[in-house]
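# Remarks on the overall topology
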Amino acid sequence: MTSSSAAASASAVAYGGRGYRKSQSVGVHIVLFLFTAGIGNVLYAMSVSNWNRRHGW
């Protein structure tokens, strides 16, 4: 095991290995607001929030 791979695995363990946190896109919210009268915004926000919660964020 080289020092670079050891450092990478150590940082993954320290990070928790949870992956990345999804963020909400302003552009998606604008499009959803225009085409779904705001209902799509609520569903999109709930979807991103649930994804983050399931993945430990």
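Computed from a prediction, not measured in an experiment: that's the story for all the values here.

## Observations concerning the overall build of the chain
When its secondary structure is counted, the chain shows three helices and zero strands. Along the chain, helices (α) and strands (β) appear in the sequence α-α-α when read from the amino end. Looking at the chain as a whole, 12% of its 57 residues qualify as buried. When contacts within the chain are restricted to residue pairs at least 6 apart in sequence, long-range pairs at least 24 apart make up 50% of them. Taken as a whole, the chain presents about 4400 Å² of accessible surface, with 68% of it coming from carbon and sulfur.

## Topic: the environment of V28
Position of V28 among the secondary structure elements: in helix α2 (residues 26-36). Sequence spacing of V28 and Y44 is 16 residues, and the spatial spacing of their C-alpha atoms is 8.6 Å.

## What to know about the side chain of N52
Within the secondary structure, N52 sits in helix α3 (residues 39-54). Here K22 takes part through its backbone nitrogen, which lies 2.9 Å from a polar atom of the side chain of N52. Apart from residues no more than four positions distant in its own chain, N52 is found in contact with R21, K22 and W57.

## Focus on the confidence of the model for the chain
Caution applies to low-pLDDT regions: their predicted coordinates should not be interpreted in detail. With 68% of its residues at a pLDDT of 70 or more, the chain has an overall mean of 78. The least confident element of the chain, judged by mean pLDDT, is helix α1 (residues 3-15) at 45; the most confident is α3 at 94. A low-confidence stretch, residues 3-15 stays under pLDDT 50, and its non-local contacts, those more than four residues away or across chains, total five contacts.

## What about the environment of S25?
You can see S25 is positioned in the loop between α1 and α2. Spatially, the C-alpha atoms of S25 and A45 are 9.6 Å apart, while their sequence positions differ by 20 residues. Within the local environment of S25, its side chain forms a polar contact with the backbone nitrogen of G27, the two atoms lying 3.4 Å apart.

What counts, and at which threshold
- Residues numbered from 1 in each chain as written.
- Predicted model: local features only at pLDDT ≥ 70, side-chain atom pairs only at ≥ 80, totals over all residues.
- Heavy atoms only, no water.
- Helix = DSSP H or I, 4+ residues; strand = E, 2+ residues; numbered from the N terminus.
- Buried < 20%, exposed > 50% of the residue type's maximum accessible area, 1.4 Å probe, protein only.
- Contact = heavy atoms within 4.5 Å.
- Areas by Shrake-Rupley, 256 points an atom, 1.4 Å probe, with all protein chains shown as cover.
- Polar contact = N/O pair within 3.5 Å; in protein donor to acceptor, adjacent residues only side chain to side chain.
- pLDDT = per-residue confidence, 0-100.

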